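Breakdown of the fold
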Amino acid sequence: MAFDKDLADTLAKAPDQALIVPSGPFSPNQLPPRIEKWLSVVAKSGGSVKLKKEVPGPATRGMLSDVVELSVKSRQDAETEAMYKVAHSYNALVTFNGNDVTGIRFIKRPAETPAAK
């Protein structure tokens, strides 16, 4: 629960970006439930959740680093909804190298401009 509170406190300060560095290896196909909850909130609130493979070393011609949409399971938890609400104004980018996630970056979404009348 300390992880969730720390992330909520960080995002509540509205930084442009917040980076989570995993303390241990896990696959982008098997996200820990705690991380998956946060990514689910981002996706359900209209944000994007993308997966990006890191390419070590300098890029070579013809080598692309693809960014793809990451599908996250929808989770519902009314008790902690307020804590997760701070993620509503962020997109998420999950980076990985090989089979391990190397970071999860919450990136503030661009401010919506009111429609011209």
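Look above for the structure.
What this report covers is the structure whose coordinates are included nearby. Since we're looking at a predicted model, the values are computed, not measured.

1. Section: the nonpolar core
The tendency in soluble globular proteins is for nonpolar side chains to be buried as a group. In this structure, L11, W38, L39, I104 and F106 are the most contacted members of the largest nonpolar core, which totals 24 residues. Secondary structure elements with two or more residues in this core: α1 (2–12), β1 (17–20), α2 (33–44), β2 (49–53), α3 (81–84), β4 (90–97) and β5 (100–108). Looking at this core, the element that brings in the most residues is α2, giving 5 residues. Apart from the residues lying within four places of it in its own chain, the contact partners of L11 are A18, W38, V86, A87, Y90 and F106.

2. Things to note about the packing of aromatic side chains
The relation between two aromatic rings is expressed through the spacing of the ring centres and the mutual angle of the planes. Here the structure, examined in full by the defined rule, presents 2 aromatic pairs. Pairing W38 with Y84 gives two aromatic rings, centres 4.6 Å apart and planes at 65 degrees, and the pair type is edge-to-face. Here W38 is found in helix α2, whereas its partner Y84 is found in helix α3, with 46 residues between them in sequence. Judged by its relative accessible area of 6%, Y84 is buried. Taking the centre distance of 6.5 Å and the plane angle of 80 degrees together, the rings of W38 and F106 count as edge-to-face. Here W38 is found in helix α2, whereas its partner F106 is found in strand β5, with 68 residues between them in sequence. Across the pair, F106 and W38 agree in class, each one buried. A network of ring pairs unites the aromatic residues W38, Y84 and F106 as a single cluster.

3. Quick look at the pattern of salt bridges
Evaluated as defined, the whole model comprises 2 salt bridges. In this structure, the salt-bridge partner of R34 is D4, at a minimum N-O distance of 2.9 Å. Within this pair, whereas R34 is found in helix α2, its partner D4 is found in helix α1, the two being separated by 30 residues in sequence. What makes D4 buried here is its relative accessible area of 4%.

4. Things to note about α1
By the burial criterion, the buried members of α1 are D4, L7, A8 and L11. For α1, the arc enclosing every buried residue in end-on projection is 100 degrees, short of the 170-degree limit, so these residues lie on one face. If you follow the buried residues of α1, they end up packed against β1, α2, α3, β4 and β5. A positive backbone phi angle near 55 degrees is found at A14, which sits one or two residues after α1.

5. Topic: the pairing of β5
Two faces, one strand: in a regular strand the side chains alternate between the faces of the sheet. The sheet contact formed by β1 and β5 spans 4 bridges and is antiparallel. Considered in β5, the bridge of A18 is made with F106. Relative to β5, β4 runs antiparallel, the two sharing 8 bridges. Within β5, the residue paired with F96 across the bridge is V101. A loop of 2 residues connects β4 with β5, the two strands running antiparallel in sequence, and G98 in this loop sits at a positive phi of about 70 degrees.

The rules behind each value
- Residues numbered from 1 in each chain as written.
- Predicted model: local features only at pLDDT ≥ 70, side-chain atom pairs only at ≥ 80, totals over all residues.
- Heavy atoms only, no water.
- Core = buried A, V, L, I, M, F, W, Y, C linked by side-chain atoms within 4.5 Å.
- Buried < 20%, exposed > 50% of the residue type's maximum accessible area, 1.4 Å probe, protein only.
- Helix = DSSP H or I, 4+ residues; strand = E, 2+ residues; numbered from the N terminus.
- Contact = heavy atoms within 4.5 Å.
- Phe/Tyr/Trp six-rings, centres within 6.5 Å; stacked < 30°, edge-to-face > 60°.
- Salt bridge = Lys/Arg side-chain N within 4 Å of Asp/Glu carboxyl O.
- Arc of directions from axis to C-beta.
- Pairing = 2+ DSSP bridges.

That is the geometry; function is a separate question.
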